[in-house]
Amino acid sequence: MTAPESQRGLVLVVEDEAAIADVIRLNLVKAGYGVHVERSGDAGLAAVRSHRPVAVVLDVGLPGIDGIEVCRRLRAADDWTPILFVTARDDEVDRIVGLELGADDYVTKPFSPRELVARVTSVLRRTRGEAQAPAELSIGALRVDPAQHRVFAGADEVGLTATEFELLAFMMRRPGWVFSREQLLSEVWGYAPMASMRTVDVHIAQLRGKLGAASPIRTVRGVGYSVDAGQATP
């Protein structure tokens, strides 16, 4: 099921519960997006490759391959299409945004359709906004090219999600500044703290793991995170 693509782009919704999929579709269309709906992980994976959506709203519990496996296969193929997970269990969040190769954001059921649309819009803002800020950023062996949305640790390119990229670039533009989790949620994710702030911690851990010894991110105990403009620390 596909709604005509609008100027805001086509969003792929992969959700096996018809009523939920229809609510998501109607709200995205109302917000100006085109929408294509699939009911299984296998069909969703094929639709990403054939329709090239601007973002994917992906249920975790799908028939066939689950949402996390869909995400894993896309990332393994260097497909960094923004992904927003929908999960019925809050205790799955750490797996979703961190250990399983990462989503850009998530909502838990039951969710507000307006909130979901706002999250999709926020993810796309993070993906597209960098083209307007072409100045290259570098600290030690780490180099960030906002115009091309690429990150290099030494000679090696590092694949990041849109959210990981924006989080890193935001902090690197302000070396030495210390940001609380609340500030990072507001500035990078585009919304105030909601149920939990651990998504920031998981994204930071994921960034550190991907950047390795080139990571300039340090933890300021009791406050939040900062980028060290001097010696990078893993």
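Counting starts from 1 at the beginning of each chain's written sequence and moves along it residue by residue. Where totals are concerned, whole chains, interfaces and linings use all residues; where local detail is concerned, this predicted model gives features only for residues with pLDDT of at least 70, and gives and counts side-chain atom pairs only at 80 or more. Values reported for side chains reflect all heavy atoms of the structure, with hydrogen atoms and water molecules removed beforehand.

K.L.:
I'd like a description of the overall build of the protein, backed by residues and values.
P.N.:
Numbering of helices and strands runs from the N terminus; a helix is a DSSP stretch of H or I covering at least four residues, while a strand is a stretch of E covering at least two. Across its full length, the protein carries eight helices and twelve strands. When a residue's accessible area, from a 1.4 Å probe over protein chains only, is under 20% of the maximum for its type it is buried; when over 50% it is exposed; and in between it is partly exposed. The buried share of the protein, reckoned over its 234 residues, is 50%. Sequence-distant contacts, at least 24 apart, represent 59% of the contacts inside the protein between residues at least 6 apart. Surface exposure here means Shrake-Rupley accessible area, sampled with a 1.4 Å probe, where a residue is shielded only by the protein chains that are shown. Carbon and sulfur atoms provide 51% of the accessible area of the protein, an area that totals close to 10,200 Å². The contact definition used throughout considers only heavy atoms, calling two residues in contact when any of these lie within 4.5 Å.

K.L.:
Go over the pattern of salt bridges with me, naming the residues and quoting the values.
P.N.:
One side-chain nitrogen of Lys or Arg within 4 Å of one carboxyl oxygen of Asp or Glu is enough to make a salt bridge. As enumerated under the stated definition, the model contains 14 salt bridges in all. For Arg75, the salt bridge identified is with Asp104, shortest N-O distance 3.4 Å. One end of the pair, Arg75, is in helix H3 (residues 67-76); the other, Asp104, is in the loop between helix H4 (93-99) and strand S5 (105-108), and 29 residues separate them in sequence. Each member of the pair, Arg75 together with Asp104, is buried. Put simply, Asp105 and Arg119 hold a salt bridge, and the shortest N to O gap is 3.2 Å. Of this pair, Asp105 sits in strand S5 while Arg119 sits in helix H5 (residues 113-128), and the two are 14 residues apart along the sequence. One network of salt bridges, in which partners are shared, links Glu15, Glu17, Asp59 and Lys109.

K.L.:
How would you summarise the sheet that holds strand S1 (residues 10-14) if you had to cite specific residues and measurements?
P.N.:
Pairing is parallel across the open sheet formed by five strands, whose spatial order is S2-S1-S3-S4-S5. This sheet does not close on itself; its edge strands, each paired only once, are strand S2 (34-38) and S5. On average, each strand axis in the sheet is tilted by 20 degrees relative to the strand beside it, whichever way the strands run. The pairing of strand S4 (residues 83-87) with S5 spans four bridges and is classified as parallel. Each residue of the ladder has a partner; that of Leu84, found in S5, is Asp105. Strands are labelled as partners when DSSP assigns at least two bridges between them. Every angle, taken between N-to-C directions, lies between 0 and 180 degrees, and every axis is a line fitted to C-alpha atoms, over only the stretch in contact when it is a helix.

K.L.:
Go over the environment of Val57, please, and point to the residues and values.
P.N.:
Looking at the element boundaries, Val57 is found in strand S3 (residues 55-59). Put simply, Val57 and Leu84 are 27 residues apart on the chain and 4.9 Å apart in space, counted from C-alpha to C-alpha.

K.L.:
Give a description of helix H1 (residues 18-30) that names residues and reports values.
P.N.:
Working rule for helices: expected span equals 1.5 Å times residues minus one. Here H1 spans 18 Å end to end across 13 residues, near enough to the 18 Å set by a 1.5 Å rise per residue. Of the positions making up H1, those classed as buried are Ala21, Ile24, Arg25 and Leu28. The arc that holds the buried residues of H1, viewed along the axis, is 100 degrees, so those residues lie on one side. Within H1, the exposed residues directed more than 90 degrees away from the buried face are Ala19 and Lys30. Looking at the residues trailing H1, positive phi occurs at Gly32, about 100 degrees. To obtain the arc, one takes the directions from the helix axis to the C-beta atoms.

K.L.:
Outline the packing of aromatic side chains, supporting the account with residue identities and numerical values.
P.N.:
Any two aromatic rings considered together are summarised by their centre-to-centre distance and by the angle between their planes. Two rings from Phe, Tyr or Trp (for Trp, the six-membered ring) form a pair when their centres sit within 6.5 Å of each other. Planes less than 30 degrees apart are called stacked, planes more than 60 degrees apart edge-to-face, and all others tilted. Applying the stated criterion to the full structure yields two aromatic pairs. When the centroid spacing of 5.0 Å and the interplanar angle of 50 degrees are considered together, the rings of Phe170 and Phe179 count as tilted. Under the relative-accessibility criterion, Phe170 is labelled buried at 5%. Accessibility expressed as a relative area gives 5% for Phe179, which makes it buried. A ring pair is formed by Trp177 and Phe179, whose centres lie 6.0 Å apart and whose planes are at 35 degrees; its orientation type is tilted. Of the residues examined, Trp177 reaches a relative accessible area of 52% and is grouped as exposed. Counting every residue linked through ring pairs, the aromatic cluster contains Phe170, Trp177 and Phe179.

K.L.:
Outline unusual backbone geometry, listing residues and values.
P.N.:
In this structure, the amide linkage connecting Lys109 to the following residue, Pro110, adopts the cis form with an omega of -5 degrees. Note on placement: Pro110 falls in the loop between S5 and H5. Its identity as a non-glycine residue notwithstanding, Arg52 has a phi of 50 degrees, on the positive side. Looking at where Arg52 falls in the secondary structure, it is placed in the loop between helix H2 (41-51) and S3. A positive phi is found at Asp78, a non-glycine position, where the angle reads about 60 degrees. Note on placement: Asp78 falls in the loop between H3 and S4.

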